[in-house]
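Report on the structure
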Amino acid sequence: ITRAYNLPSRYVLHTVGPMVRREVTEQDRALLRSCYNSCLDLAAEAGLRSVAFCCISTGVFSFPQAEAAEIATGAVLRWKMRHPENDMQIIFNPFLDSDPEIYRKILALVVVLEACLQSAALPKGRPSCYSHNLCEKVARRASEKFLEA
């Protein structure tokens with residue numbers, strides 16, 4: 001984390017995501033997930049009220065956009081579930097022209113999931129869908145359902 005100086009924010013969180021060589025590996029997915037988790041942890045430790053993410057590892061790093069968006073939204077959803085007391089605003093800042101639609105479709109399903117979780121009678125503590133796998137599955141299902149239509 002560094003000061004932002006002339007940028008329209010107080011700080012810049014620096015992270016380097018994985019560069020995909022031929023095909024996305026489980027290690028690439030884990031590294032990308034870790035980028036989001038580390039930045040969110042650091043932002044929370046610094047007491048930040050909001051954080052904006054660019055599309056980490058897409059573009060010249062060759063991570064497929066839709067899969068990167070699934071991992072990003074899944075990581076953020078899981079982090080928010082693990083930190084329900086934190087009301088940090090999390091913004092996805094699109095990079096490529098097609099990114100806004102990818103995130104819009106995925107986040108629409110996340111909103112539905114959040115409403116379902118809030119209306120369900122869940123025990124106190126961690127929700128039963130605590131794993132990053134479920135969060136990413138929700139994001140993947142959203143992209144499969146909406147992006148290919």
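A brief structural summary. (Residues numbered from 1 in each chain as written. Predicted model: local features only at pLDDT ≥ 70, side-chain atom pairs only at ≥ 80, totals over all residues. Heavy atoms only, no water.)

What about the overall build of the chain?
Quick reminder of the rule: Secondary structure elements are defined from DSSP: runs of H or I of at least 4 residues count as helices, runs of E of at least 2 residues count as strands, and each element is numbered from the N terminus. A 1.4 Å probe rolled over the protein chains alone gives each residue an accessible area, and that area as a share of the maximum for its type sets the label: buried under 20%, exposed over 50%, partly exposed in between. Residues are treated as being in contact if the distance between any of their heavy atoms lies within 4.5 Å. Accessible surface is estimated by sampling points in the Shrake-Rupley manner with a 1.4 Å probe; for residues, cover comes only from the protein chains shown.
Of regular secondary structure, the chain possesses four helices and four strands. Going from the N terminus to the C terminus, the chain shows its helices and strands as β-β-α-β-α-β-α-α. By residue count, 39% of the 149 residues in the chain fall in the buried class. Across the chain, contacts joining residues at least 24 apart in sequence account for 71% of those joining residues at least 6 apart. Approximately 9400 Å² of the chain is accessible, and the part contributed by carbon and sulfur atoms is 52%.

Concerning the pairing of strand E3 (residues 50-53)
Heads up, the rule is: For two strands to be treated as a pair, DSSP must find at least two bridges joining them. With strands facing away from the observer, any crossover in which the path from the first strand over the helix to the second runs clockwise is taken as right-handed.
With burial as the criterion, only one face of E3 is covered, namely that bearing Val51 and Phe53; the residues Ser50 and Ala52 on the opposite face remain uncovered. Relative to strand E4 (residues 89-92), E3 is paired through four bridges, and the arrangement is parallel. Bridge pairing links Ser50 to Gln89 in E4. Note that the unit made of E3, helix H2 (residues 65-82) and E4 has a crossover that is right-handed.

Describing the packing of aromatic side chains
To keep it simple, the criterion reads: Here a pair means two rings of Phe, Tyr or Trp (six-membered ring of Trp) with centres within 6.5 Å. Their orientation is stacked below 30 degrees between planes, edge-to-face above 60, and tilted elsewhere.
Applying the stated rule across the entire model yields two aromatic pairs. Between Tyr36 and Phe53 the ring centres are 4.8 Å apart and the planes differ by 65°, which places this aromatic pair in the edge-to-face class. Of this pair, Tyr36 sits in helix H1 (residues 26-45) while Phe53 sits in strand E3; the two residues are 17 residues apart in sequence, bridging distant segments of the chain. Residue Tyr36 is classed as buried on the basis of its relative accessible area of 0%.

Focus: the environment of Ser98
Using the following cut-off: The term polar contact refers here to a pair of N or O atoms within 3.5 Å; inside protein, the definition further demands a hydrogen-donor-capable atom paired with an acceptor-capable atom, and it admits residues adjacent in sequence only when both atoms are side-chain atoms.
Along the chain, the position of Ser98 falls in the loop between E4 and helix H3 (99-119). Sequence-wise, Ser98 and Gln65 are 33 residues apart; in three dimensions their C-alpha atoms are separated by 8.6 Å. Polar side-chain contacts of Ser98 include one of 2.7 Å to the side chain of Gln65.

Notes on H2
Selection criterion: Between the first and last residue of a helix there are one fewer steps than residues, each counted as 1.5 Å, and that sum is the expected span.
Taking 1.5 Å of rise per residue, 18 residues should cover 26 Å, and H2 covers 26 Å from first to last C-alpha, within 8% of that figure. Counting buried positions along H2 yields 14 of 18 residues, so the element is predominantly enclosed.

Side note on the pattern of salt bridges
Opposite charge on two side chains permits pairing when their charged atoms draw close. Worth spelling out the cut-off: Here, a salt bridge means any side-chain nitrogen of Lys or Arg that lies within 4 Å of a carboxyl oxygen of Asp or Glu.
As enumerated under the stated definition, the model contains four salt bridges in all. The shortest N-O distance in the salt bridge between Arg29 and Glu67 comes to 2.4 Å. With Arg29 in helix H1 and Glu67 in helix H2, this residue pair connects regions lying 38 residues apart in the sequence. Salt bridges sharing common partners tie together Glu26, Arg29 and Glu67.

Considerations on the environment of Leu31
Assignment of secondary structure puts Leu31 in helix H1. Considering only alpha carbons, one finds Leu31 and Gly17, 14 residues apart in sequence, at a separation of 6.6 Å.

Nothing here speaks to function; it is all geometry.
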